[in-house]
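Commentary on secondary and tertiary structure
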Amino acid sequence: MLTVPGVTVREATQDDLVGGVRPRWVALPETVEEIAAVMRASAAHDLAVVTVGGGTKLHWGAPPERCDLLIDTCCLGDVLEHAAGDLVVRVQAGTTMETLAETLAREGQELALDVPLEGATVGGTLATATAGPRRLRYGTARDLLIGITAVLADGTIAHSGGRVVKNVAGYDLGKLFTGSYGTLAVIAEATFRLHPLPAERRWITAEFPPDELSFPMRDLLDSQHEPVAIEVDWPDLSGPCTVCVLVEGVAAEERATAVRDLLKPPATVEASPPPWWGRLPDGILIEARGPRLTLAADLPHVRDAAGRFDVTLRGSVAAGAMHVTPASDSDPGQVAAFLTELRSRLSGPVVLLAAPDEVAALVDRWGPTGGLTLMRRVKERFDPDRRLSPGRFVGGL
Amino acid sequence: MTVDAIAAAAREILTPESVITDPVRLRTYECDGLTHYRVSPGLVVLPETAEQVAAVVRLCVEHGVPFVARGSGTGLSGGALPRSDGVLIVTSRMRRIVELDLPRHRAVVEPGVTNLAITEAVREHGFYYAPDPSSQQICSIGGNVAENSGGAHCLKYGFTVNHVLGLEVVTPDGEIVQLDANDPGYDLLGAFVGSEGTLGITTKITVRLSRAPETVITLLAAFDDIEGGGRAVSAIISAGVVPAAIEMMDALAIQAAEASVSCGYPEGAGAVLIVELDGPHAAVAHQFTEVERICQQEGAFELRQAASAEERAAIWRGRKSAFAAVGRISPAYIVQDGVVPRTALPQVLAGIDALQDEYGIRVANVFHAGDGNLHPLVLFDDAVPGEGERAELVSARILDLCLQHGGSITGEHGVGVDKSRYMPKMFSEEDLDTMQLVRCAFDPRGLSNPGKVFPTPRLCGEVPGVRKGVHPLVESGQAEQF
Ligand SMILES: Cc1cc2nc3c(=O)[nH]c(=O)nc-3n(C[C@H](O)[C@H](O)[C@H](O)COP(=O)(O)OP(=O)(O)OC[C@H]3O[C@@H](n4cnc5c(N)ncnc54)[C@H](O)[C@@H]3O)c2cc1C
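Since the structure is predicted, the reported quantities are computational estimates derived from the model, not experimental observations. (Residues numbered from 1 in each chain as written. Chains lettered and ligands numbered in written order. Predicted model: local features only at pLDDT ≥ 70, side-chain atom pairs only at ≥ 80, totals over all residues. Heavy atoms only, no water.)

**Some words on the sheet that holds strand 15 (residues 268-270) of chain A**
Residues and elements named next belong to chain A.
- One open sheet holds the 8 strands; their spatial order is 15-12-14-13-17-18-16-19, and the pairing between them is antiparallel. At either end of the open sheet lies a strand with only one pairing partner, and these are strand 15 and strand 19 (350-354). Mean inter-strand twist for the sheet, computed between neighbouring axes without regard to direction, equals 20°.
- Judged from the 8 bridges that link them, strand 12 (residues 201-208) and strand 14 (residues 241-248) form a sheet pairing that is antiparallel. Across the sheet, tryptophan 203 pairs through a bridge with leucine 246, a residue of strand 14.
- Across the sheet, helix 7 (residues 214-222) touches strand 12, strand 13 (229-234) and strand 14, and the angle it forms with strand 13 is around 165°.
- Where helix 10 (residues 332-345) meets the sheet, its contacts fall on strand 16 (285-289), strand 17 (311-316), strand 18 (321-326) and strand 19, and the angle it forms with strand 19 comes to roughly 145°. (Pairing = 2+ DSSP bridges. Helix = DSSP H or I, 4+ residues; strand = E, 2+ residues; numbered from the N terminus. Axes fitted to C-alpha atoms, helices over the stretch in contact; angles between N-to-C directions. Contact = heavy atoms within 4.5 Å.)

**Quick word on the nonpolar core**
- Residues Leu176, Phe177, Phe192 and Phe382 of chain A are the most contacted members of the largest nonpolar core, which totals 134 residues.
- Considering each element in turn, this core owes the most residues, 8 residues, to helix 13 (residues 387-404) of chain B.
- In this structure phenylalanine 177 of chain A touches Leu126, Ala127, Ile148, Ala150, Leu152, Leu184, Ala185, Ile187 and Phe382 of chain A, once residues within four positions along its chain are discounted.
- Core analysis: the second largest hydrophobic core is formed by 49 residues, Ile204, Ala305, Phe309 and Met322 of chain A among them. (Core = buried A, V, L, I, M, F, W, Y, C linked by side-chain atoms within 4.5 Å. Buried < 20%, exposed > 50% of the residue type's maximum accessible area, 1.4 Å probe, protein only.)

**Quick look at the side chain of threonine 410 of chain B**
- Its location among the elements puts threonine 410 of chain B in the loop between helix 13 and helix 14 (423-426).
- Within polar-contact distance, the side chain of threonine 410 of chain B engages the side chain of aspartate 337 of chain B at 2.7 Å.
- Once you skip the residues sitting within four places of it in the chain, threonine 410 of chain B turns out to touch Asn167, Val168 and Ala169 of chain A together with Asp337, Val339, Val415 and Lys419 of chain B. (Polar contact = N/O pair within 3.5 Å; in protein donor to acceptor, adjacent residues only side chain to side chain.)

**Some words on helix 10 (residues 281-297) of chain B**
Residue and element names in this part refer to chain B.
- The end-to-end C-alpha separation of helix 10 is 24 Å, in line with the 24 Å expected for 17 residues at 1.5 Å each.
- Residues of helix 10 that are buried include every one of Ala283, Val284, Gln287, Phe288, Val291, Ile294 and Cys295, and no others. Projected down its long axis, helix 10 carries its buried residues within an arc of 135°, all on one side.
- Taken from the residues just after helix 10, glycine 299 is the one with a positive phi, measuring 100°. (Expected span 1.5 Å × (residues − 1). Arc of directions from axis to C-beta.)

**Here's the deal with the pattern of salt bridges**
- Enumeration over the complete set of coordinates arrives at 44 salt bridges over all chains.
- Note that glutamate 248 of chain A is salt-bridged to arginine 134 of chain A, the shortest N-O span being 3.2 Å. One end of the pair, glutamate 248 of chain A, is in strand 14; the other, arginine 134 of chain A, is in the loop between helix 3 (122-128) and helix 4 (135-138), and 114 residues separate them in sequence. Both residues of the pair, glutamate 248 of chain A and arginine 134 of chain A, count as buried.
- Here arginine 439 of chain B and aspartate 443 of chain B are joined by a salt bridge, their closest N and O atoms 3.1 Å apart. (Salt bridge = Lys/Arg side-chain N within 4 Å of Asp/Glu carboxyl O.)

**Looking at the packing of aromatic side chains**
- What the rule picks out here adds up to 9 aromatic pairs over all chains.
- Taken together, a centroid distance of 6.0 Å and an interplanar angle of 85° make the contact between tryptophan 203 of chain A and tryptophan 277 of chain A edge-to-face. Here tryptophan 203 of chain A, found in strand 12, pairs with tryptophan 277 of chain A, found in the loop between strand 15 and strand 16; they are 74 residues apart in sequence, far enough to count as distant.
- Centroid distance tryptophan 276 of chain A to tryptophan 277 of chain A: 6.2 Å. Interplanar angle 50°. Geometry classified as tilted.
- Ring pairing ties together the aromatic residues Tyr181, Trp366 and Phe393 of chain A together with Tyr186 of chain B, which thus form one cluster. (Phe/Tyr/Trp six-rings, centres within 6.5 Å; stacked < 30°, edge-to-face > 60°.)

**Some thoughts on the site of the ligand**
Residue and element names in this part refer to chain B.
- The ligand sits among 32 residues. The nearest are Ala69, Gly71, Thr74, Ser135 and Ser140.
- The backbone of threonine 202 places a nitrogen or oxygen atom 2.9 Å from a nitrogen atom of the ligand.
- Note that an oxygen atom of the ligand is positioned 3.5 Å from one of the side-chain N or O atoms of asparagine 449.
- Burial of the ligand by the protein amounts to 93% of the accessible area it has alone, namely 970 Å².
- Where the shell around the ligand is concerned, the elements lending two or more residues are strand 3 (67-70), helix 5 (141-147) and strand 10 (201-208).
- Per-element accounting of the shell around the ligand gives the leading share, 5 residues, to helix 5.
- Residues belonging to the shell around the ligand are distributed by class as follows: 8 nonpolar, 20 polar and 4 charged.
- Among the domains, domain 1 (2-90) and domain 2 (97-211) are the pair contributing at least three residues each to the shell around the ligand. (Near = heavy atom within 4 Å. Areas by Shrake-Rupley, 256 points an atom, 1.4 Å probe, with all protein chains shown as cover. Nonpolar A, V, L, I, M, F, W, Y, C, P; charged D, E, K, R; others polar. Domains from an automatic or database assignment.)

**Considering the domain arrangement of chain B**
- One can read the domain layout of chain B as domain 1 (2-90), domain 2 (97-211), domain 3 (214-329), domain 4 (331-418) and domain 5 (429-475).
- For domain 3 of chain B versus domain 5 of chain B, the distance between C-alpha centres works out to 48 Å.

**Concerning the interface of chain A and chain B**
- Contact with chain A, which involves 80 residues of that partner, is made by 96 residues of chain B.
- Taking both sides of the interface into account, the surface hidden between chain A and chain B amounts to around 7,300 Å²; carbon and sulfur atoms contribute 59%.
- It is Lys166, Tyr171 and Arg381 of chain A that lose the most area in chain A upon contact with chain B, and together they represent 15% of the buried surface on that side.
- On the surface where chain A and chain B come into contact, there are 4 salt bridges.
- Listing elements by their share of the side of chain A that touches chain B, those giving two or more residues are helix 5 (141-144), strand 9 (157-161), helix 6 (173-177), helix 7, helix 8 (252-263) and helix 12 (372-382) of chain A.
- Here the side of chain A that touches chain B takes 8 residues from helix 12 of chain A, the largest share from any one element.
- Here the side of chain A that touches chain B is composed, by residue class, of 34 nonpolar, 21 polar and 25 charged. (Buried area = accessible area lost by both parts, 1.4 Å probe.)

**Quick word on the sheet that holds strand 9 of chain A**
All names here are of chain A.
- Taken together, 5 strands build an open sheet; the order of strands is 5-6-10-8-9 and the sheet is antiparallel. One side of each edge strand has no neighbouring strand; the edge strands of this open sheet are strand 5 (79-83) and strand 9. Each strand of the sheet is rotated relative to its neighbour by a mean of 10°, with strand direction disregarded.
- One ladder, built from 5 bridges, connects strand 8 (residues 145-151) with strand 9; its direction is antiparallel. Each residue of the ladder has a partner; that of threonine 149, found in strand 9, is histidine 159.

**Quick notes on helix 9 (residues 294-306) of chain A**
All names here are of chain A.
- Its 13 residues give helix 9 an end-to-end C-alpha distance of 18 Å, which sits within 8% of 18 Å, the value for a rise of 1.5 Å per residue.
- Within helix 9, the axis deviates most sharply at proline 300, by approximately 35°.
- Taken together, the buried positions of helix 9 are Thr294, Leu295, Ala296, Asp298, Leu299, Pro300, Val302, Ala305 and Ala306. (Bend = angle between axes of the 7 residues up to and from the residue.)

**Details of the environment of glycine 182 of chain A**
Residues and elements named next belong to chain A.
- For glycine 182, the location among the structural elements is in the loop between helix 6 and strand 10 (186-193).
- As a C-alpha pair, glycine 182 and leucine 388 span 206 residues in sequence and 6.5 Å in three-dimensional space.
- Here glycine 182 is in contact with Ala127, Leu388 and Ser389, once residues within four sequence places are set aside.

**Observations regarding the pairing of strand 16 of chain A**
Residue and element names in this part refer to chain A.
- Of all 5 residues in strand 16, 5 are buried, a share of seventy percent or more.
- For strand 16 and strand 19, the ladder comprises 4 bridges, and the chain directions are antiparallel. Looking at the pairing, alanine 288 lines up with valine 350 of strand 19.
- As paired elements, strand 16 and strand 18 share 4 bridges and run antiparallel to each other. Counterpart to isoleucine 286 in the pairing with strand 18 is valine 324.

So, in structure tokens, the structure goes:
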């Protein structure tokens, strides 16, 4: 049995699989120092390590080349410091986004980062850089993160940033670790800038033919009503798509009326979101990205790429990230062909976030990317022995 | 000498007049905005294309010569301080706006383009480039990227890093790499912004353009003392109002501004607060009432509202002139740049007061109050023996105060050569070593702007060999070895 002084370690079971790979042990550290102890032990014994939070995205990315030890952050669930007057929070990585939101709401504040999957933790949200509708106004996790504590492969504890919103001292490791899928370091703690909870929220909904989506999108983006989110839901590619706009904060009702007028009747204004709002569809998940407005013009291309293949589309089209989901019983070969077709028709990156092995085996999940040589070099410096989620990320990092 | 060899080769790659070796002309590049650090560069080149930059960098690699990028040289931490044994690569001839893509709210520009030139190019279409350092008329966008520059309006809109969508970078190997915010993989773009020229040279920048707001209202509030202003700032933020900017000046800073530009701020003010609100008309009107109420409640004795562009400029004139203006009331001064959590502002300002008394040195306070970014101006007379040293001490102790209250040694001016010695006060040795792993990945030879940011360079060495042979677990097949 692996023993790490002071840290609970148990044998792994069939429930602990990571992309089909079964680790031997699961460690349950409770502090940054305990993570460091676990990492030192795994360095001493050359163990490959994968970190898991809520497990909501553990199936994203390629299966690890090897995995001896799972670090479960479930016991790192504390909100360490909520400095309400400074609109800043420091939190342990295993804290769920729901728990964090509840704590912050008590002081009338929030982390303006939408959570597309229930049960996600702070660490997992950062590691996969997930975001939701309000990325249009607030950006993604990297834009709200102001400080980070992480543990390197050799057990070194490293901090960057701090607990002030404005700070340019040193390199921003927080940005580097955000979206790195656990391949560079174990994220232990994070500090975020917060926003006051908006006084009011209004959702404005209208339907458009997908071929004409660019027009309302452009009007909305150029408008003066400060929409914080513009989402599209397109459940049936042979029909129209639904556009839903969120305005929040001061004078939300007046601005919502102005947005409704811009979208023209029969657009409606509601005080609550549609049921699909901000939720990632289940199953196979393809993410297409691009600059503002590009994706709106891409909708017809998605339909053409799909042909008679059954897919749905949803996401932050205006902000530059949308999700395409083939039906769960799709033939793997057809999914792979569709992905290839999408890549040839869309101008931006198309990533296969989640898919069964049979599909993933047929394609490159990530597609081409700039700077891969530099990324490899970063990986070599941070994790020379390839012990942190090896092989899970772009280019086999 | 190797620099001579590079000069000769560079003349072949660039035009001869783009390569400067004349000592008199070299001296015009000897410092940036922090003028007490001066080094004449070994060689200056003025490339016009990314390929030329890459070719010069490859020459430097070949000869093992360090290189330093320079934009407009307005940096305030000595980041663009040249090396006498190195090459200074100046971007002032890379000034093209390559593409304006208004429908997609983007512009692609070369690094030598000034910050303001971007806004000027799109203003007539109702757009602007949001980060607005006070130096925006002259500073280059390449320098902004290197420093992750901010400005008064970053409170609501964020810093350079939040507005850069893509970069073309010449790596310290001399390769041209495209980094796009949308590409999968590590956020190298995010790591590059703010790296102060130590990870390579950016040769093309894609920035986000923002819609000019529908309404802008600027408010000037005068308080008896700085505490009243500070309370108002906290109350405004707590009320959920996010102004575009909240700036504060203390009595000494006001005095300097009056002497310099006669800004006509309310007589007898111990502090003035400038609050700017922008956005949709309905929202701004509502927030304005709220801010006005809060200022009165916290004891503002005079409130002025600017609605027109001229009135707004009048209010900002005093604030914008503040750095230069202290020259009117003091022969010399140090501009400090530190950050504290907003709630610690009263204690830190009291601490600065105590330092003034202890050292007999005056400090004028100007700050981006909304995000706790202080710019204390430490005044001294360089003709009085010892005063410069005392001012240096006060300036350093202000940073200690910031750190004691959980803040940072720099909010926007960067570390450069000036503050690398303070880095160990803010970060542990492990933290700094870890940051330098990024440096080693990009620049294992340590040629790109060496001696900046980090107090001691990390020797990168070879990449440790990837483990070969049988996995020990497999070899032993045993769990008990643990
Ligand atoms: C009066 C005054 C007011 C100021 N106000 C502000 C303010 O409000 N906010 C703020 O943030 N700053 C401010 N500054 C500081 C300064 O203007 C900024 O740091 C600015 O971004 C520097 O731009 P520059 O082109 O002058 O860069 P330089 O001074 O030439 O260089 C700065 C750093 O950037 C690197 N660099 C330059 N170009 C490149 C490139 N293409 N690729 C890679 N690295 C490069 C240099 O090596 C150096 O490390 C002010 C300065 C002055 C003098």
